[in-house]
Amino acid sequence: MVQQKLIKKTKKLIRDPKLFFKDSKLFNKISLNKFPINIKGNSITDNSSFIKPFKQEPSIIGSIQINNNKLIFDYIDKQVKNSTNGFSTLFMYREEKQSLLIHKPYINLILKNRNFISFKDKSLYFLINKTINNEDIVYSESEIYTLFKENQILRSNKLQDFRNIVELNPLSIESILLKNSNPNLKLIYIVDNKESLDFITNYKKEIDVLIYFDKLNTSYISNIPRIVSFSNSQSFINVFKTVLIDTSYKIDSNFFIPVLCNTDNLDNLDKYNEMTKINGLIDLNYKLKNYTNFEDIILDEDTIINNFLLKENIYSLYKDQIFKSKTQKDFKELLLHCLKEGVFFEKI
Amino acid sequence: MKKYNILHISPTPLVASPQKISHSLNQFSDTYTSNCIIFSDYPNKLNNLFSANSINFQNLKELSLQLISDADIIHVHNFLSLEQEDILLNNVKSSCKFILQIHSPLREGPLFVEYGNESKIKYDKKCVVGQYHTRLFPKYTMVPNLVLDKPSVNLIKDDEIPVVLFSPSHSRTGGRWNDKTAPELEEILKSLHKLDIIELKLISNVKPYELFQIRRKSHISIDEIITGSYHQVSLESLACGNVTINNSDFFSNLTLKNMVNSDDEVPFFKLSLDGCKTELLKLVNDKKLIRDYQQKSFDYYSKHLNIEKLTNHYINIYNEVINND
């Protein structure tokens, strides 16, 4: 029996070596579990070349780079399908050597999971980042502003059909420029090396989610709404999927969830659940004291948040922060952050 | 006696907002004289619409430089380029103080950078227009936009068709804060107009003074119902005793209430895209309701948004900056 199987397998190996390795249990185990540790040694890149390429290579919508303080954005106008608007993702990666996407670390894992809504053909697009050796330059806000202002593609809001911008090991600021082209875009960074982690600390307030390899020391990173880690390829793909579900719009079922609630029954909650524009509800007591600035109104001790609710898609983005919040001050800081991000609040 | 020169400087006319502050300072302050310089006017259709009482730097360079060197306080509006900053810094006297004020920017995104932190000019005070902007610049001192003209009210009569004024300044959409128009709303307004239920005045590119006079003759003004902010239009609408339609949210209203230091309900007629048809129909068919809101608008403006009172916001800031030596 065992012998027969061996003969069969050997025949298969000779007949179609690619298929043999693709079907091999051992190979699948290697390719799924080891890569984050081996990321520089490109062992995965070599192994995965045995996988048959997909019939349709995923869509690359162009390339972007900063060269001599000018942003060059070669953008191929793609009709991003609205059907998955909420889950549509633009994935940016650095091209170190030319190869099919399926041969690249991380991306090959994503492409193997194409049944997931965010990774389907119509939701996932790629952008090549061609900027090299830029990590030592720290751009000031006004320099970012100038780079943005001078680029017509960014100013014309071409990326409005996307929800997420994901960049793998960022070392330059293109993704931040992209994020700023539309108020609904969320910026997600995947980081597995220290170089990149050091780089992003300069731009913390632009980042919505950081996904990092758990061997990295991230204790000095704070003030990012959501920080999650992964330890191997399987946990990476799970974490990444969860993050994408959390950041995406849930158009058909997006309900209010209490962040801080002092009542069991809120009138009109059903009505507000149906309103698509409103994604925050607030009830606060305040005393007018001719405050000079907005922050003072909110942070004053006489201002008390009684009820504070967020729609699920906002709630899930800030859930780590919400779980950590204990005092009125914590919730007020969260409220100020939500307001700055543009959450539309209604008084309940 | 007028002791100090306040110079307002902005890259563009900013729909005449700096110039209005300058004007009312000259009118109401015993201590401050003021001028307003713009670095350039709007192009095309908007050219000359908002710049009438400002000095254009490009046309009157010598006078502008003279005013800059005479200034005790330079009040900068919005973002200056590095070259424009240099012009100021190379010509001011050493004791000159600087104030920055953020207005609504044309585009979103990185325009909301905390420009004041890295500008070459060291600002003694940073202010922000007290509308939606306060939540984006929560540490900046909030200041009001001004309406110069006296308030009036033209209450609708029972046999009149309500005149509705809608004057969106642009039709871009897709932003968070700068959208002005929604196709759904325009469609409803146009069909109400066709049915003779309202008289719609859809107006753009008209001089501010002319628009204001049209507003005085109208009964209802629509600001915008998309973003959750109120704008200059709403303040002018209150001044003209119009029903003021917008979607100003809790925090925009809170900002306004704080600036006028009164918890009186702001008489905006709140409308959002959800259910705006029903609400609008209810309003235009009820003359008593319209009159009610018209009167409330006029009263609120007269009581709280009085120009002299609002100008004091600025005078207090100048006093503070001057005395902070």
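Anything mentioned here points back to the structure above.
Now for a description of the structure that goes with this document. (Residues numbered from 1 in each chain as written. Chains lettered and ligands numbered in written order. Predicted model: local features only at pLDDT ≥ 70, side-chain atom pairs only at ≥ 80, totals over all residues. Heavy atoms only, no water.)

**As for the overall build of chain B**
To be explicit about the condition: Helix numbering and strand numbering both begin at the N terminus, where a helix is a DSSP run of H or I of at least 4 residues and a strand a DSSP run of E of at least 2. Computation of the radius of gyration draws on C-alpha atoms alone. For the globule rule, the value is 2.2 Å times the number of residues to the power 0.38. Buried residues are those whose accessible area, probed at 1.4 Å on protein chains only, stays under 20% of the maximum for their type, while exposed residues exceed 50% and partly exposed ones sit between those limits. Only heavy atoms matter for contacts: two residues are in contact if any of them lie within 4.5 Å across the pair. Residue burial considers only the protein chains on display, and all accessible areas are found by Shrake-Rupley using a 1.4 Å probe. Here the positive residues are Lys and Arg and the negative ones are Asp and Glu; neither His nor the chain ends is included. A charge is said to be at NZ when it belongs to Lys, at CZ for Arg, at CG for Asp and at CD for Glu.
Tallying secondary structure elements over chain B gives 10 helices and 12 strands in all. Relative to a compact globule of 325 residues, whose C-alpha radius of gyration would be 20 Å, chain B shows 20 Å and is just as compact. Per-residue burial for chain B yields a buried fraction of 59% across its 325 residues. A sequence separation of at least 24 residues applies to 71% of the contacts in chain B between residues at least 6 apart. Entry remark: accessible area of chain B is about 13600 Å², with carbon and sulfur atoms responsible for 50%. Charge separation in chain B, taken as the distance between the mean sites of 36 positive and 38 negative side-chain charges, equals 1 Å.

**Observations concerning the packing of aromatic side chains**
Residues and elements named next belong to chain A. Here is the rule we go by: For Phe, Tyr and Trp, where Trp contributes only its six-membered ring, two rings pair if their centres lie within 6.5 Å, and the inter-plane angle classes them as stacked under 30 degrees, edge-to-face over 60, or tilted in between.
Overall, the coordinates contain 27 aromatic pairs over all chains when judged by the stated rule. Relative to Phe240, the ring of Phe91 lies with its centre 6.3 Å away and its plane at 75°, an arrangement referred to as edge-to-face. Highlighted residues: Phe91 in strand E3 (residues 89–94) and Phe240 in helix H10 (residues 233–247), separated in sequence by 149 residues. Here Phe91 matches Phe240 in class, with each residue buried. Linked through ring pairs, Phe91, Tyr93, Tyr106, Phe116, Phe119, Phe126, Phe213, Phe230, Phe236 and Phe240 together constitute an aromatic cluster.

**Some thoughts on the packing of helix H8 (residues 276–284) of chain B against helix H9 (residues 287–304) of chain B**
Residue and element names in this part refer to chain B. We apply this condition: In this description, a line fitted to the C-alpha atoms serves as the axis of each element, helices being fitted only across the stretch in contact, and the angle between N-to-C directions of two axes falls anywhere from 0 to 180 degrees. Note on angle classes: values under 35 degrees are labelled roughly parallel, values over 145 roughly antiparallel, values of 65 to 115 roughly perpendicular, and the remainder oblique. Under the scheme applied here, ten amino acids are nonpolar (Ala, Val, Leu, Ile, Met, Phe, Trp, Tyr, Cys and Pro), four are charged (Asp, Glu, Lys and Arg), and all others, including Gly, are polar.
Close contact between H8 and H9 brings their axes to 6 Å; oriented N to C, the two are set at 90°. In terms of axis orientation, H8 runs roughly perpendicular to H9. In this structure, H8 contributes Lys282, Leu283 and Val284 to the contact, and H9 contributes Lys287, Leu289 and Ile290. Class assignment of the residues belonging to the contact of H8 with H9 gives a composition of 4 nonpolar, no polar and 2 charged.

**Here's the deal with helix H3 (residues 82–91) of chain B**
All names here are of chain B. Spelled out, the test is: In this description, the arc belongs to the directions extending from the helix axis to the C-beta atoms.
Among all positions of H3, only Gln84, Glu85 and Leu88 are buried. For H3, the arc enclosing every buried residue in end-on projection is 100°, short of the 170-degree limit, so these residues lie on one face. Exposed residues pointing more than 90 degrees away from the buried face of H3 are listed as Leu82, Glu83 and Asn90. The elements touched by buried residues of H3 are strand E1 (4–10), helix H2 (61–70), strand E4 (73–77) and strand E5 (97–102).

**Notes on the pattern of salt bridges**
Formally: Whenever a carboxyl oxygen of Asp or Glu lies within 4 Å of a side-chain nitrogen of Lys or Arg, that contact is scored as a salt bridge.
Under the counting rule described, the total for this entry stands at 29 salt bridges over all chains. Note that B:Lys93 and B:Asp72 form a salt bridge whose closest N and O atoms lie 3.0 Å from each other. Here B:Lys93, found in the loop between H3 and E5, pairs with B:Asp72, found in the loop between H2 and E4; they are 21 residues apart in sequence, far enough to count as distant. For B:Glu186, the salt bridge goes to B:Lys190, with nearest N and O atoms at 3.8 Å. Placement of the pair is B:Glu186 and B:Lys190 together in helix H4 (residues 183–194), with a separation of 4 residues, close to one helical turn. Connected through shared salt-bridge partners, A:Arg226, A:Asp246, A:Lys319 and A:Asp320 make up one network.

**As for the state of the cysteines**
Heads up, the condition is: The term disulfide is used for any two cysteine sulfur atoms that are within 2.5 Å.
In total, this model carries 0 disulfides over all chains according to the counting rule given. Residue B:Cys127 stays outside any disulfide, its sulfur separated by 15 Å from that of B:Cys96, the closest cysteine.

**Notes on unusual backbone geometry**
Residues and elements named next belong to chain B. In this structure, Val15 is a non-glycine residue whose phi angle is positive, near 40°. Structurally, Val15 can be placed in the loop between E1 and helix H1 (17–28). Of note in the backbone geometry, Asn48 takes a positive phi value of approximately 70° without being a glycine.

**Here we look at the sheet that holds strand E7 (residues 141–143) of chain B**
Residues and elements named next belong to chain B. What counts here: Here, any two strands with at least 2 DSSP bridges between them count as paired.
Pairing is parallel in the open sheet, where 7 strands are placed in the order E3-E2-E1-E4-E5-E6-E7. Bordering the open sheet on either side are strand E3 (55–56) and E7, each of which pairs with just one other strand. Across 5 bridges, E4 lies against E5 in parallel orientation. Bridge assignment links Val76 to a residue of E5, and that residue is Leu100. Across the sheet, H1 lies against E1, strand E2 (32–38), E4 and E5, angled at about 160° from E2, the strand it touches most.

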